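# A closer look at the structure
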Amino acid sequence: MLFGTIVGSLADKQGRRRACVTYCITYILSCITKHSPQYRVLMIGRVLGGIATSLLFSSFESWLVAEHNKRGFEQQWLSLTFSKAIFLGNGLVAILAGLFGNFLVDTFQLGPVAPFDAAACFLAIGMAVILSSWTENYGDPSENKDLLAQFKGAAVAIASDEKIALLGAIQSLFEGSMYTFVFLWTPALSPNDEEIPHGFIFATFMLASMLGSSIASRLMARSSPRVESYMQIVFLVSSVSLMLPIVTSFLIAPSKVKGGGGISFSGCLQMLGFCTFEACVGIFWPSIMKMRSQYIPEEARSTIMNFFRIPLNIFVCIVLYNVNAFPITVMFGMCSIFLVVASILQRRLLVIAEKPKTEIWAMKERDNEAEPLNI
């Protein structure tokens, strides 16, 4: 939140390609720090990781949208690229990376740091591809605009355009619920420290996410329904899916036996809801990318996208700090409420987005009515 917002926002002025290279270098350094047993060194690694994450979630998308528009490609292709990136990157590659990391640790007995070393190698390859094949693009190329002026410009854009403000609120509410879910699913499925197959469950979640991104690509390929329209339903479905742990806690008596056994019957029901939520996550990512490409101005794209992450990071920090203060059902209930609010805000965004079209049609009707009078 602190360092990433500043560094990520520099991408608009210093260049998105350069920011992507900085991401690779920063995360390679973060991976290297894992070899140290010193707490201070490990803490520096987390700071570097935080900066890299902000660059990952803003610079690559900003570079892609700018390059796509610069080359004059069809707008529809952008939606397909986003859905493929989520299907292959967040889904298939995530599964393969998890299996490969497990292979390095368990089969080759290379120790718990081996996956970080492998990640550093892949980052180096990615950096070589960026340096050799990408062209540079910028947000606002004006030389006299300092970082503070950039922040002010982004804040004014968010405050003056309700569509951008709504998009930021929707993103923070959904991603906040998603990151909270990441910390809650393990204790939800094994409340008594049952032996559950974490790797298999994670792979199942990723498959559900891939299914969601595949559905999103088909929805975005059509002119109707609009992204703003179907996302209302997605948020409501995701809200209901996270209500399952609360429902099962009331309907099925929890087991008191510590350890032993595998996943319980209530755990199986929750697993169904969690897979549904992950499918919604798969639909969410390409859809929010599509809306960001439509509504966020090009000159401050990275800065605004990093602004969106400030409330998200604050929310996740508060949740993690108080995670033991509330029962797990309360946490899931809170996430469900946030997702309902996201659906309401999405409805508002749809109404605002359709306003210009309604006004144009009204003007055309007035013109048509006026024509006979002119004759």
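Residues numbered from 1 in each chain as written. Predicted model: local features only at pLDDT ≥ 70, side-chain atom pairs only at ≥ 80, totals over all residues. Heavy atoms only, no water.

## Side note on the overall build of the protein
Keep this limit in mind: Under the DSSP-based scheme used, a helix requires at least four consecutive residues in state H or I and a strand at least two consecutive residues in state E, with every element numbered from the N terminus. Both definitions apply: the radius of gyration is a C-alpha atom measure, and the globule rule equals 2.2 Å times residues to the power 0.38. Accessible area is worked out with a 1.4 Å probe on protein chains only. A residue is then buried under 20% of its type maximum, exposed over 50%, and partly exposed in between. Accessible areas in this description were obtained via Shrake-Rupley with a 1.4 Å probe; residue shielding takes into account the shown protein chains only. Neither His nor the chain ends contribute to the count of charged residues, in which Lys and Arg are positive and Asp and Glu negative. Lys charges are placed at NZ, Arg charges at CZ, Asp charges at CG and Glu charges at CD.
Secondary structure summary: the protein contains 15 helices and zero strands in total. Its C-alpha atoms give the protein a radius of gyration of 23 Å, within 12% of the compact-globule value 21 Å for 375 residues. Counting only C-alpha atoms, the protein reaches 85 × 50 × 35 Å along its principal axes. For the protein, the proportion of its 375 residues judged to be buried stands at 43%. As displayed, the protein offers around 19400 Å² of accessible surface, 69% of which is attributable to carbon and sulfur atoms. When the 28 positive and 26 negative side-chain charges of the protein are each reduced to one mean point, those points stand 2 Å apart.

## Some words on helix H9 (residues 162–189)
Applied cut-off: Multiplying 1.5 Å by the helix residue count minus one yields the expected span of that helix. Bend at a residue means the angle formed by two fitted axes: the first through the 7 residues ending at that position, the second through the 7 residues beginning there. What qualifies as a polar contact is a pair of N or O atoms within 3.5 Å, subject to a donor-acceptor requirement within protein and to the restriction that residues adjacent in sequence count only when both atoms come from side chains.
In this model H9 runs 40 Å from its N-terminal to its C-terminal C-alpha over 28 residues, within 8% of the 40 Å that 1.5 Å per residue would give. A bend of about 40° at Phe183 is the largest found in H9, and the proline Pro187 appears one to four places after it. Where H9 starts, the residue carrying a side-chain oxygen 3.0 Å from the main-chain nitrogen of Lys163 turns out to be Asp161.

## Considering a nonpolar patch on the surface
Rules: To count toward a patch, a residue needs a relative accessible area over 30% and no salt bridge; like charges are then connected within 9 Å, while nonpolar side chains (Val, Leu, Ile, Met, Phe, Trp, Tyr) are connected within 5 Å. By salt bridge we mean one thing: a side-chain nitrogen of Lys or Arg within 4 Å of a carboxyl oxygen of Asp or Glu.
Residues Phe100, Phe103, Phe108, Leu110, Phe122, Ile125 and Val129 make up a contiguous nonpolar surface patch of about 720 Å² in total accessible area. Elements with a minimum of two residues in the nonpolar patch: helix H6 (75–107) and helix H7 (114–133). Element by element, the count of residues in the nonpolar patch is highest for H7, at three residues. By relative accessible area, which is 54% here, Phe122 ends up exposed.

## Remarks on the packing of aromatic side chains
Selection criterion: Side-chain rings of Phe, Tyr and Trp, where Trp is taken by its six-membered ring, are said to pair if the distance between their centres is within 6.5 Å; with planes under 30 degrees apart they count as stacked, over 60 as edge-to-face, and otherwise as tilted. Over a ring means this: the NZ of a Lys or the CZ of an Arg is within 6 Å of the ring centre and within 35 degrees of the ring normal.
Evaluation of the coordinates by the stated rule reveals 20 aromatic pairs. With a centroid separation of 5.1 Å and an interplanar angle of 90°, the aromatic rings of Phe103 and Phe108 are classed as edge-to-face. Accessibility expressed as a relative area gives 40% for Phe103, which makes it partly exposed. Taken together, a centroid distance of 4.1 Å and an interplanar angle of 20° make the contact between Phe174 and Phe284 stacked. With Phe174 in helix H9 and Phe284 in helix H13 (residues 265–295), the pair connects residues that are 110 residues apart, well separated along the chain. When sorted by exposure, Phe174 lands in the same class as Phe284, which is buried. Three or more aromatic residues link up through ring pairs in this structure, and these residues are Phe57, Phe174, Phe181, Trp185, Phe205, Phe235, Phe274, Phe277, Phe284, Trp285 and Phe332. The ring of Phe57 carries Arg309 above its face, with NZ or CZ at 4.4 Å from the centroid.

## Notes on the environment of Phe277
Note that Phe277 resides in helix H13. Phe277 gets classed as buried once you look at its relative accessible area, which sits at 0%. In this structure the C-alpha to C-alpha distance between Phe277 and Phe326, which are 49 residues apart in sequence, comes to 22 Å.

## Notes on the UniProt feature "transmembrane region" (unreviewed entry) in the protein
For the record, the criterion: UniProt positions are given in the numbering used here, feature names are shortened, and annotations may be inferred rather than shown by experiment.
Per the UniProt record, the feature "transmembrane region" (unreviewed entry) sits at residues 43–65, 85–104, 116–134, 200–221, 233–252, 264–285, 306–322 and 328–345. For the annotated span residues 116–134, helix accounts for 95% and strand for 0% of the residues, and the straight-line distance between the end C-alpha atoms is 26 Å.

## Examining the nonpolar core
Soluble globular proteins tend to bury their nonpolar side chains together. Which entries qualify depends on this criterion: To qualify as a nonpolar core, a set must consist of buried Ala, Val, Leu, Ile, Met, Phe, Trp, Tyr and Cys residues joined through side-chain atoms within 4.5 Å. Only heavy atoms enter the contact rule, under which two residues are in contact if any of them lie within 4.5 Å.
If you look at the biggest cluster of nonpolar residues, it comprises 66 residues, and the most contacted ones within it are Phe205, Met231, Phe274 and Ile304. Breaking this core down by element, the ones donating at least two residues are H6, helix H8 (147–160), H9, helix H10 (198–220), helix H11 (227–241), H13, helix H14 (301–321) and helix H15 (328–374). Top contributing element to this core by residue count: H13, with 13 residues. Discounting residues that sit within four places of it in the chain, Ile304 has contacts with Ala154, Ala157, Ile158, Ile164, Ile296 and Pro297. If you look at the next biggest cluster of nonpolar residues, it comprises 15 residues, including Cys20, Tyr23, Ala52 and Ile130.

## Observations regarding the packing of H6 against H13
When two helices pack together, their arrangement is captured by the angle between the axes and the distance separating the axes. Note the threshold: Helix axes are fitted only over the stretch in contact, all axes being lines through C-alpha atoms; the angle between N-to-C directions runs from 0 to 180 degrees. For any pair of crossing helices, the crossing counts as left-handed if the nearer helix is rotated counterclockwise from the farther one by less than a right angle, and right-handed if it is rotated clockwise. Under the convention adopted here, Pro, Cys and the residues Ala, Val, Leu, Ile, Met, Phe, Trp and Tyr are nonpolar, Asp, Glu, Lys and Arg are charged, and Gly plus all remaining residues are polar.
Put simply, H6 and H13 touch, their axes get as near as 9 Å, and they point 145° apart. With respect to the hand of their crossing, H6 and H13 are arranged in right-handed fashion. Seen from H6, the contacting residues are Gln75, Leu78, Ser79, Phe82, Ser83, Ile86 and Asn90; seen from H13, they are Gly282, Trp285, Pro286, Met289, Lys290 and Ser293. Along the lines of polarity and charge, the residues of the contact of H6 with H13 split into six nonpolar, six polar and one charged.

## Let's talk about the pattern of salt bridges
Considering all chains together, one arrives at 10 salt bridges under this definition. When the shortest N-O distance is used, the salt bridge between Glu67 and Arg71 registers 3.0 Å. Between Arg226 and Glu228 there is a salt bridge; the shortest N-O distance is 3.4 Å. Using a relative accessible area of 2% as the deciding quantity, one classes Glu228 as buried. Each of Asp12, Arg16, Glu298 and Arg301 takes part in one network of salt bridges that share partners.

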